[in-house]
Amino acid sequence: MKTYAIELLDREIWKGTCIPVEYQSDEYYDICVQKTENGFQIPIEKKQFEQTFVHDPSMQEYPDRLYEDWWEQAEAFGIIDDGKLLAAIEVCEEEWSKRIWITELFVSEVIRGQGWGRKLIEKAKEYTREKNCRALLLETQSSNANAVDFYMHMGFTLIGFDSCAYTNEDVERHEVRFNMGWFPGHD
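Residues numbered from 1 in each chain as written. Predicted model: local features only at pLDDT ≥ 70, side-chain atom pairs only at ≥ 80, totals over all residues. Heavy atoms only, no water.

Caption draft 1: View of the nonpolar core. If you look at the biggest cluster of nonpolar residues, it comprises 32 residues, and the most contacted ones within it are I89, I102, I111, I121, Y151 and F156. Broken down by secondary-structure element, the contributors of at least two residues to this core are β2 (23–31), β6 (75–81), β7 (84–94), β8 (99–107), α2 (116–130), β9 (135–141), α3 (145–153) and β11 (177–182). Counting residues in hydrophobic clusters, the runner-up holds eleven residues, among them L66, Y67, A76 and C92. (Core = buried A, V, L, I, M, F, W, Y, C linked by side-chain atoms within 4.5 Å. Buried < 20%, exposed > 50% of the residue type's maximum accessible area, 1.4 Å probe, protein only. Helix = DSSP H or I, 4+ residues; strand = E, 2+ residues; numbered from the N terminus.)

This is the structure in structure tokens:
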């Protein structure tokens with residue numbers, strides 16, 4: 001088995017590199033926002049898709065890329081083999097709130113299932129501690145139950161959601177933006 005190492009990805013070299021975030025899911029987290037007399041009830045329950053959900057980055061108008069201009073403080077770490085990016089995590093400090101955002105996370109099919117996702121998340125946690133920030137945040141989708149479950153296994157919790165982040169039919173499509181957070185010292 002080949003040995004890999006996680007290294008800092010030079011902004012000048014990797015800026016604009018497309019991150020092919022694709023997944024298939026048989027399960028999703030269903031969100032039902034119910035208005036009550038005293039406010040809202042929002043049950044979130046894991047359910048089965050009627051047919052496999054496929055997220056295909058080639059169908060996106062704006063694919064994920066490393067070092068986007070709006071992530072001015074971003075730093076990316078990754079695994080490179082013969083000049084090819086096999087995995088990457090990009091983090092960006094939100095200075096005013098003392099939080100770090102994971103802006104990209106990608107593990108190629110070639111090395112998936114070997115623990116690299118976990119190692120990249122641990123790298124982001126280490127970065128959060130080094131920067132003395134109070135939280136590590138990320139965005140995922142309710143349609144990607146495997147990712148949600150992985151992040152929960154890594155110590156993240158659901159901190160909010162956006163029911164119209166991608167389209168006005170996100171709830172009906174079962175692709176709601178989930179915001180998840182990890183807090184140093186709460187492991």
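Caption draft 2: View of the packing of aromatic side chains. A complete count under the given rule lists eight aromatic pairs for this structure. Ring plane angle 25° and centroid distance 5.9 Å describe the contact between Y23 and F53, whose orientation is recorded as stacked. One end of the pair, Y23, is in strand β2; the other, F53, is in strand β5 (residues 44–55), with 30 residues separating them in the sequence. Among the residues examined, Y23 registers a relative accessible area of 11% and is labelled buried. Between Y28 and F49, the ring centres sit 4.6 Å apart and the planes meet at 40°, which makes this aromatic pair tilted. You can see Y28 sitting in strand β2 and its partner F49 sitting in strand β5, a full 21 residues away along the chain. Note on accessibility: Y28 and F49 belong to one class, buried. Grouping aromatic residues by their ring pairs yields a cluster made of Y23, Y28, F49 and F53. Cation over ring: K35 sits above F40, and NZ or CZ is 5.5 Å from the ring centre. The lysine or arginine in question, K119, covers the ring of W116, its NZ or CZ lying 4.2 Å from the ring centre. (Phe/Tyr/Trp six-rings, centres within 6.5 Å; stacked < 30°, edge-to-face > 60°. Lys NZ or Arg CZ within 6 Å of the ring centre and 35° of its normal.)

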